[in-house]
Structure formats: C-alpha cells, structure tokens
Amino acid sequence: MSEAELQETNGTSEVPEIELIIKASTIDGRRKGACLFCQEYFMDLYLLAELKTISLKVTTVDMQKPPPDFRTNFEATHPPILIDNGLAILENDKIERHIMKSIPGGYNLFVQDKEVATLIENLYVKLKLMLVKKDEAKNNALLSHLKKINDHLANRNTRFLTGDTMCCFDCELMPRLQHIRVAGKYFVDFEIPTHYTALWRYMYHMYQLDAFTQSCPADQDIINHYKLQQMLKMKKHEELETPTFTTSIPIDISE
C-alpha cells in the first residue's frame, strides 16, 4: 500500500484525521488508479483538507494483489473506502452521506441543485457506450450531452457548475470529463469540440486546482482502465512509460 499525507494537523487534536483508501494503478500497483468514485471523494476531501477542517491521508491499494491486512479488514470490498476515527464506510452512497453529514465542513460541499444534478447524470454511461464501438449515433449522444453542460455554464457565467466556488457536482463531473477526453481520444478519436468554449473554460479552471491535479490519474491509467474492461492486453512498454497528464486546453482563455 502507498500512502500520502495531504494535510498536517499542526498539532491540533481537534482536527479529525480521515483516511481514504483508493484503487491503485493497474499498471504499477502504487500510484493513483482511474476509479471515478475514488477521485470524486478524493477531491471532496482534499477541498476540506485545504480548509483545514480535516487532516487527510490517502492510501492506494493494488486490487490485483491486495495486501493481507486489507483482505483481513475488508474481505472482498473494493475501494473507495473511507475511515473516520476507526469507523470504515464501504459503500459509495454511504461515503457521500458521511462526508455530507459527519465530516466538518462537508455539508457546505453538497449544494442542492436539481438542474445540475440532472444535467450531469448518465454522462459516464454515454462515454462507455461510445467506447464499445465507434458509432456516429453514440458519438452524437455524448456530444449533445456535453453541449447541454456547455450551454449551462455559458448561461450561468460562473466559474463552476453552481457558482464561483466548487461543490460536490464539480468533483463528480470533472473526473468524468477527463475520462471522456483521454479515453475518448485514444479509443475512438473523440474530441470535445473547441467551440464548446464555456466547457473548455470550466476545464481550464479545474486544471488549476490542486484538488483536481493531486487526485487525477495518469493518462495511461485511464486508458488501461478501459482496456481491462474490453479485455485488451496491456503492451509491455506501457508499464515502462513515464506517466503523462493531459491538462492543456486547445483554446485561448481570456479571464
């Protein structure tokens, strides 16, 4: 297991330590893997660690060779797993509820906005359908969904989905956009159109944030995540590649 301390307690015992166990890379078994839920909760908790309401420890676990102590404590459970004062929360909906209700500052991340919640749901499903086979209809379905998000951002004219501060919806959407960008390009040569300027501006702002960059898996791990789903073998040279991270944008952003 690999661990990273993301926020010191500064000697203040009142700040709770939260541990998030995430899936490790399927390439090297140590760095961050490409699990969307792991990154989403990593981002949520990182934002709280930046506000110093918690101390955050992130542990990666290689699920292809889980260590004995992991098997003993969690049996066949897959990350993400959140541990708060010895209490392990194992299911995604329960993790989300715990962050919202029990972790200091968490409530502020969970904005109520039905329009945004509806806007971003099923986006990942459209990506997976497109990756199965290059198909114009599936390609257009994803493009149409992305256009709705672009139009929402343009109409609201805010930095993030619900305003000028990040919330849980941003932590959910941005990892999915990264998967669309990296895996879509690799498998079916899909690219987010450059004329979706509001969406690219949104991604630009997200790329500037430590909460995203510190939690983001390497391009190679995102690609290998879908190769495994499609039963495609990883080539030997991929294990030796230096990890790369696509965080540039193809348009000029004027603040």
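Numbers given to residues run from 1 along each chain, matching the order in which its sequence is written. Where totals are concerned, whole chains, interfaces and linings use all residues; where local detail is concerned, this predicted model gives features only for residues with pLDDT of at least 70, and gives and counts side-chain atom pairs only at 80 or more. Side-chain numbers come from the whole structure's heavy atoms, not from hydrogens or water.

Q: Just to check I follow, could you spell out the overall build of the protein chain for this structure?
A: For helices the rule is a DSSP run of H or I covering at least 4 residues; for strands it is a run of E covering at least 2, with both sets numbered from the N terminus onward. Scanning the protein chain from N- to C-terminus turns up 11 helices and five strands. What you see for the protein chain is a C-alpha radius of gyration of 18 Å, in line with the 18 Å of a compact globule of 255 residues. Over its C-alpha atoms, taken along the principal directions, the protein chain stretches across nearly 50 × 45 × 30 Å. Counting the 255 residues in the protein chain, one finds 47% classified as buried. The contact criterion used throughout is that any non-hydrogen atoms of two residues lie within 4.5 Å. Within the protein chain, contacts between residues separated by at least 24 positions form 75% of all contacts whose residues are at least 6 apart in sequence. Here the protein chain has roughly 13,200 Å² of accessible surface; of this, 48% comes from carbon and sulfur atoms. In this setup the radius of gyration rests on C-alpha atoms only. A globule is expected at 2.2 Å times the number of residues raised to 0.38. Note on classification: 1.4 Å probe, protein chains only; a residue is buried when its accessible area is under 20% of the maximum for its type, exposed when over 50%, partly exposed between these limits. Here, Shrake-Rupley sampling with a 1.4 Å probe gives the accessible areas, and only protein chains in the shown set may cover a residue.

Q: Can you walk me through the environment of Pro193 in this structure?
A: As for its placement among the helices and strands, Pro193 is situated in the loop between helix H7 (168-188) and helix H8 (197-207). With 41 residues separating them in the primary sequence, Pro193 and His152 have C-alpha atoms 16 Å apart. For Pro193, the contacting residues outside a window of four places in its chain are Leu143 and Trp200.

Q: For this particular structure, what's the right way to read the packing of helix H1 (residues 36-50) against H7?
A: To characterise two packed helices, one gives the angle between the axes of the helices and the distance between these axes. What counts as an axis is a line fitted to C-alpha atoms, over the stretch in contact for a helix, and the angles between N-to-C directions run from 0 to 180 degrees. In contact at an axis separation of 9 Å, H1 and H7 are set at 135 degrees when each is read in the N-to-C sense. The orientation of H1 with respect to H7, classified from their angle, is oblique. The hand of the H1/H7 crossing is right-handed. Taken together, the residues of H7 that come into contact with H1 (itself represented by Leu36, Phe37, Gln39, Glu40, Met43, Asp44 and Leu47) are Cys168, Asp170, Cys171, Glu172, Pro175, Arg176 and His179. Here roughly perpendicular refers to angles of 65 to 115 degrees, roughly parallel to angles under 35, roughly antiparallel to angles over 145, and oblique to all remaining angles. By definition, any crossing whose near helix is turned counterclockwise from its far helix by less than a right angle is left-handed, and any crossing with a clockwise turn is right-handed.

Q: Please clarify how the domain arrangement of the protein chain should be interpreted in this entry.
A: Interfaces are often sized by the amount of accessible area the parts lose when they come together. According to the domain assignment, the protein chain consists of domain 1 (15-110) and domain 2 (111-254). When each unit is reduced to the centre of its C-alpha atoms, the spacing between domain 1 and domain 2 is 22 Å. Listed per partner, the contact involves 20 residues of domain 1 and 31 residues of domain 2. Buried area: the accessible area, evaluated with a 1.4 Å probe, that two parts lose upon being put together, summed over both parts. Summing both sides of the interface, domain 1 and domain 2 together bury roughly 2,300 Å²; the carbon and sulfur share of this comes to 62%. Contact with domain 2 buries surface across domain 1, with Ile27, Leu36 and Met43 losing the most and accounting together for 29% of the total. Here, a salt bridge means any side-chain nitrogen of Lys or Arg that lies within 4 Å of a carboxyl oxygen of Asp or Glu. Counting across the domain 1 and domain 2 interface gives two salt bridges. As used throughout, domain bounds are those supplied by an automatic or database domain assignment.

Q: Even after reading the chapter, I still don't get helix H5 (residues 123-132), so can you show me in this structure?
A: One turn of an α-helix holds 3.6 residues; hence residues three or four places apart share an orientation. Inspection of H5 places Leu123, Tyr124, Leu127, Met130 and Leu131 among the buried residues, and these make up the whole buried set. The arc enclosing the buried residues of H5, seen along the axis, measures out at 120 degrees, which places them on a common side. Those residues of H5 hidden inside the fold are in contact with H1, helix H4 (114-120), helix H6 (136-156), H7 and helix H10 (219-229). Summarising the geometry, the arc corresponds to the directions from the helix axis toward the C-beta atoms.

Q: Explain the side chain of Arg176 to me, please; I cannot follow it from the model alone.
A: On the secondary structure map, Arg176 appears in helix H7. Assessed through its relative accessible area of 9%, Arg176 is described here as buried. Setting aside residues no more than four positions away along its own chain, Arg176 makes contact with Leu36, Phe37, Glu40, Leu123 and Tyr124.

Q: In this structure, what is going on with the environment of Tyr196? I would like to understand it.
A: Inspection of the secondary structure assignment puts Tyr196 in the loop between H7 and H8. What makes Tyr196 buried here is its relative accessible area of 7%. As a C-alpha pair, Tyr196 and Lys147 span 49 residues in sequence and 6.9 Å in three-dimensional space. Not counting chain neighbours up to four residues away, the residues in contact with Tyr196 comprise Leu143, Leu146, Lys147 and Asn150.

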